[in-house]
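In case you want the letters, here they are:
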Amino acid sequence: MSDPSSSPPPGQKPALKSAQSRFQVDPVAEAAAAAAAASGAPRTPPRARSSSAGRTSEGTAGGEEAKGRFRVVNFLDPSGAPADGGSDAAFNGDTVRSEASLHSSTGGLSHFSDTHSSTYYLRTFGHNTIDAVPNIDFYRQTEAPLGEKLIRPSLSELHDELDKEPFDDGIANGEEPAAAEEAAAKVVPEPKGGTVKFGWIKGVLVRCMLNIWGVMLFIRMSWIVGQAGIALSCAIILMAVLVTTITGLSTSAIATNGFVRGGGAYYLISRSLGPEFGGSIGLIFAFANAVAVAMYVVGFAETVVELLDSVDALMTDEINDIRIVGTLTIILLLGISVAGMEWEAKAQIVLLVILLAAIFNYFIGSFIPMESKEPMGFFGYNAAIMMENMGPDFRDEETFFSVFAIFFPAATGILAGANISGDLSDPQSAIPKGTLLAILITGIVYVAVAVSNGSCILRDATGDDNDTIIGSLENCTDAACTLGYDFSICKEGGCKYGLQNDFQVMSLVSAFGPLISAGIFSATLSSALASLVSAPKVFQALCKDNIYPGLRIFAKGYGKNNEPLRGYVLTFFIGLAFILIAELNVIAPIISNFFLASYALINFSVFHASLANSPGWRPSFKYYNKWVSLAGAVLCCVVMFVINWWAALLTNVIVLALYIYVSYKKPDVNWGSSTQALMYNQALSHCLHLTGVEDHIKNFRPQCLVMIGYPNARPALLHLVHAFTKNVGLMICGHVRMGSRRPNHKEMMNDQVRYQRWLLKKQIKAFYTPVFAEDLRQGAQYLLQAAGLGRLKPNTLVFGFKNNWQDGEMRDVETYINTIHDAFDLQHGVVIIRLKEGLDISHIQGQDEFLSSYEKAPGMKELLVAINIGKDTDSDSLKPSSKTTSGQSSPLIIRDTKSPSVQLSTADEKLLAASQQFKKKQCKGTIDVWWLFDDGGLTLLIPYLLTNKKKWKDCKIRVFIGGKINRIDHDRRAMAALLSKFRIDFSDINVLGDINTKPKKHNKETFEEMIEPYRLKEEDMEQEAAERLKAEEPWRITDNELELYKAKTNRQIRLNELLKEHSSTANLIVMSMPLARKGTVSSALYMCWLETLSKDLPPILLVRGNHQSVLTFYS
């Protein structure tokens, strides 16, 4: 072995951080490094990913090729002594390392490599080890924008024995990225040059302020003050600010609960409440933003056309001029957006400067009263005007709520910054700061403008210089009189000036009127630009998640900022369509309601996440409260109906329809939503409550542990049990995994996830629970004792009948029968299902696909091949024979692009047909219930539950009971009375008076031939030899046993004859299972009884309850 080298190759920086961690030590003795350099040994660079931002990834291909191999290296100094001078370093189990986990090398550690094996090691706390210290890169989800995902050493690598093969590591539970996120991380190439990222001022504050300060500020605020007065106007503003502040706090809480990607409101809601709410709100939120572009552009166009009209420069007429100007404007805005976020951000800054100049221009003008403006109602700040305008003066059937509805859309721009969350350098910090500060600043400005308008402008003015008062002021009561003007004529209507009449009154007040027009242009264009950017960004995030598969084409991004150009074009055409309609009075309230629905769900998300109390909900923003968020959600819903009740109803219907669609489609995503957390809380709480309630007969449900092996191996067993447990009781698919090799627990855990997904995909309401055990009996004992939770535990064991028991080893029969005895010992009922064709189809190719969605390759067909191991194909678990390899204990996935047809034997064709018979609707027929012994009623309850299902509703129950010939009518009436009290419908009751008749001779001979190989024949050997043989082979049948149970044997033979006579055409037979006394009846004799009783019949269930009542006729 060559000397270890700790120095990197020439020209390469050593893999050390500039600042040494207090946990670090010098990697290797200087003497070792010097000797390595002197020897000229070839140096191999470390094959590891570095966690430092500036370093590049090396050698990943080599690491993949060597994946799964362990290396044990002795770290020696040149003299041959251990590097650390102790035995711990000479051979330390922690130095064993597979190259699969070389990626977990952390930048904060000292590194060194063995030049002979090219294996990379860590040195932590003074020891050479592969155990890694905490590192942020271990917790990343994908290799997307922030840095590389590193993989920490797996538990297997640290814990397993040295000579054991390591497992291929998967992704930790709950950390698997959605398929869309994986694809996005892989598809998007690394752009040349850095991406443009914005800080909190440029990215959030500026956008929110521009969006909130809309046209409302300049052309509607004065009218609102005229209608509602100063006091109520401030109340209206504060109500709107209250709603937006609560929503801002909720947005801040969600945004600081982990890394935020692009998608704004959609991303926040979908990751909190799940894809159903996120998908529905994301679509309407993106659409609302797209139509909002048209609203703002039309507002701009109307102002331009008014200016053109004032100078008599219209091109055609007003409507068509609005369309022309609007179309040209949206084309210009599209050009700015497509040019990139950098240009769009610069345009926003310019617009903000103009807008701020217009606001300052108004306030400066309000302090400069001019005599020429007095006839139009502007007198400067005056206490009399302020007091007169303090109260409301609603006109034209306006009310407080109608005025509030007109103002509120001005406050709906608070998500403008969050909508471009993907373009923010630090969204967790930027969104709370920028959004809340924007709400504060804009709220103050709105209140200031309202107070200013009400303090210096009259409600009505004629604009006529001649309306001054000449003479006495005794009869003058209003503010205009005290200022020397008589505007009383305005009470009759017709005045054009004042707060109530002139929308452009702020231009009149301002120091420079045209600057207010520029402010209007700036407010409309900035809001339109923000919406034109927001809509495609939100829509792109929605499409990337593949919630709506048909919209996937809009997920593609272009350029260094991953711009959604296709989304821009779509938004452009939607906006253009509504601009050309030019009738936005109807659509405007719907848009406001769409925004409010988003706000309501954001607030509800915070309440829901706090209520779920998930450990993952720990936002760094602490100034929120779940009850305040709930109040905010309710407020948003109230405001929706206040603004427009029919638009609110329409919004709710659309959200509900999209929610139902997404729920039905069930997108393959797992975001760890609060819905999942709350579901867990409720399930846990209900389970605990259930344990405090004693069982009652009326609430008995068959809770079945089905020994099925792999869930796809015995479809008939799966579908039949599911038929009577679906929506009624618990079903656990138990799988005992046996084998001589050491148990592969990682493989079993992966299978558990995979097969549980398969059950869900097939809509089978069951749990798959595998265990490792020496044999079937031990595994069944584990499951019978440990499966389930609280009251949700199995009470009935369900088997498939062991069809080929005569061909296998009798030890397996002994195990099989003892498992039944164990179930009875544990007070469980037992059900054995037999089909004459058999149950197990796992040896037939191409039965089912088990690849999950992210494992599939397009255009490939997957075939599942479960190895047929040994002869015992119908037992409940596959036991490896001596010829099988270690890889044959579970199904293999074989991908086949040509999908070859497999030629099946006649027997296999019949087996396949029989395996599907319970999946389809049953034709008209009967379920024959042979209720020979009272086991508590389970034999009767199962067929009743079956007939309640849609697939079995055409089957009638026929009941067969034992009786005496001279009491047949009496027994029939007694049974009919019992069934009617149980409220169980039946078509017929048959009393078997000849049940005790001796069986036919040839059937008895057949039985004797069957048991012949299993008899002990103690008369032909010495007593000692017989006892020894019986001890070695306890399943053997003694002559004494045969004689003792002769009558019971004859009954099984006779019952089979009666079954063939009466029930040969039944859809299903449910029969009381004969019991064998433990320790007295040998397993071979019991198996012969079951074989004789159930052979050559339609599908049959042998049922035996635990002799506790499961039926009652009491209410």
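Keep in mind that what you see is a predicted model, and the values were worked out from it rather than measured. (Residues numbered from 1 in each chain as written. Predicted model: local features only at pLDDT ≥ 70, side-chain atom pairs only at ≥ 80, totals over all residues. Heavy atoms only, no water.)

### What to know about the overall build of the protein
Tallying secondary structure elements over the protein gives 35 helices and 17 strands in all. The buried share of the protein, taken over its 1115 residues, is 52%. The long-range fraction of contacts in the protein, counting pairs at least 24 apart against all pairs at least 6 apart in sequence, stands at 80%. With the model as given, the accessible surface of the protein reaches about 51100 Å², and the carbon-plus-sulfur share is 57%. (Helix = DSSP H or I, 4+ residues; strand = E, 2+ residues; numbered from the N terminus. Buried < 20%, exposed > 50% of the residue type's maximum accessible area, 1.4 Å probe, protein only. Contact = heavy atoms within 4.5 Å. Areas by Shrake-Rupley, 256 points an atom, 1.4 Å probe, with all protein chains shown as cover.)

### A closer look at the packing of helix H18 (residues 513–544) against helix H19 (residues 565–581)
A pair of packed helices is captured by two measures, namely the crossing angle of their axes and the spacing between those axes. Two numbers describe how H18 lies on H19: the axes approach to 8 Å, and their chain directions differ by 125°. What the angle tells us is that H18 and H19 run oblique. Considering the relative orientation of H18 and H19, their crossing is right-handed. Counted together, Leu532, Val533, Ala535, Pro536, Lys537 and Phe539 of H18 and Gly567, Tyr568, Leu570 and Thr571 of H19 form the full contact between these two elements. Classifying every residue of the contact of H18 with H19 by side-chain character gives seven nonpolar, two polar and one charged. (Axes fitted to C-alpha atoms, helices over the stretch in contact; angles between N-to-C directions. Parallel < 35°, antiparallel > 145°, perpendicular 65-115°, else oblique. Left-handed = near helix turned anticlockwise from the far one by under 90°. Nonpolar A, V, L, I, M, F, W, Y, C, P; charged D, E, K, R; others polar.)

### Thoughts on the sheet that holds strand S13 (residues 925–930)
Read from one edge to the other, the open sheet built from ten strands follows the order S8-S7-S6-S9-S10-S17-S16-S13-S14-S15, with strand pairing classed as mixed. Each of the sheet's edge strands pairs with one partner strand only, and the pair in question is strand S8 (767–772) and strand S15 (988–992). Averaged over all adjacent pairs, the angle separating strand axes in this sheet is 20°, with direction ignored. Where helix H25 (residues 745–761) meets the sheet, its contacts fall on strand S7 (731–737) and S8, and the angle it forms with S8 comes to roughly 160°. Docked against the sheet, helix H26 (residues 776–786) engages strand S6 (704–707), S7, S8 and strand S9 (796–800), running at close to 145° with respect to S7. (Pairing = 2+ DSSP bridges.)

### Here we look at a nonpolar patch on the surface
A cluster of nonpolar side chains, contributed by Phe360, Ile364, Phe367, Ile368, Met370 and Tyr381, occupies part of the molecular surface with about 640 Å² of accessible area. For Ile364, a relative accessible area of 48% corresponds to the partly exposed category. (Patch = residues over 30% accessible without salt bridge, like charges linked within 9 Å, V, L, I, M, F, W, Y side chains within 5 Å. Salt bridge = Lys/Arg side-chain N within 4 Å of Asp/Glu carboxyl O.)

### Regarding the packing of aromatic side chains
Aromatic ring pairs are reported here in terms of the distance separating the ring centres and the angle at which the planes meet. Overall, the coordinates contain 28 aromatic pairs when judged by the stated rule. Judged by centre distance (4.8 Å) and plane angle (50°), the ring pair of Phe277 and Tyr659 falls under tilted. Residue Phe277 is located in helix H10 (residues 275–310), and its partner Tyr659 is located in helix H22 (residues 645–665); the two are separated by 382 residues in the primary sequence. The class of Tyr659 is partly exposed, set by a relative accessible area of 28%. Between Phe982 and Phe1113, the ring centres sit 6.2 Å apart and the planes meet at 35°, which makes this aromatic pair tilted. Here Phe982 is found in helix H30 (residues 968–982), whereas its partner Phe1113 is found in the segment after strand S17 (1100–1104), with 131 residues between them in sequence. Among the aromatic residues, those joined into a cluster by ring pairs are Phe287, Phe578 and Phe594. Its guanidinium or amino end placed over the ring of Phe503, Arg220 lies 4.1 Å from that ring's centre, counting from NZ or CZ. Seen from the ring of Trp671, Arg271 lies directly overhead, with NZ or CZ sitting 3.8 Å from the centre. (Phe/Tyr/Trp six-rings, centres within 6.5 Å; stacked < 30°, edge-to-face > 60°. Lys NZ or Arg CZ within 6 Å of the ring centre and 35° of its normal.)

### Considerations on the pairing of S13
Within S13, five of the six residues are buried, leaving the element largely enclosed by the surrounding structure. Taken together, the six bridges between S13 and strand S14 (residues 955–962) define a ladder with parallel strand orientation. Bridge assignment links Ile927 to a residue of S14, and that residue is Ile957. Crossover handedness for the path S13 to helix H29 (residues 938–947) to S14: right-handed. (Right-handed = clockwise from strand over helix to strand, strands pointing away.)

### Structural notes on a positive patch on the surface
Together, Lys726, Lys765, Lys919, Lys950, Lys951 and Lys953 make up a positively charged patch on the protein surface. Mapped onto the elements of the fold, Lys919 is located in the loop between helix H28 (906–915) and S13. Lys919 gets classed as partly exposed once you look at its relative accessible area, which sits at 43%. (Lys, Arg positive; Asp, Glu negative; His and termini not counted. Charge placed at Lys NZ, Arg CZ, Asp CG, Glu CD.)

### A look at helix H23 (residues 674–691)
End to end, H23 covers 26 Å across 18 residues, agreeing with the expected 26 Å (1.5 Å per residue, within 8%). Of all the positions in H23, only Ser674, Ala677, Leu678 and Cys687 are classed as buried. (Expected span 1.5 Å × (residues − 1).)

### Points about a negative patch on the surface
On the surface, Glu302, Glu306, Asp309, Asp312, Asp317 and Glu318 cluster together into a negatively charged patch. Broken down by element, the negative patch gets its largest block of residues, three residues, from H10. Structurally, the position occupied by Glu318 is in helix H11 (residues 318–338).

### Details of the environment of Ile833
Here Ile833 is to be found in strand S10 (residues 829–834). On the basis of relative accessibility, which here comes to 1%, the residue Ile833 falls in the buried class. Residues Ile833 and Ala716, 117 residues apart in the sequence, show an inter-C-alpha distance of 9.3 Å.

That is the geometry; function is a separate question.
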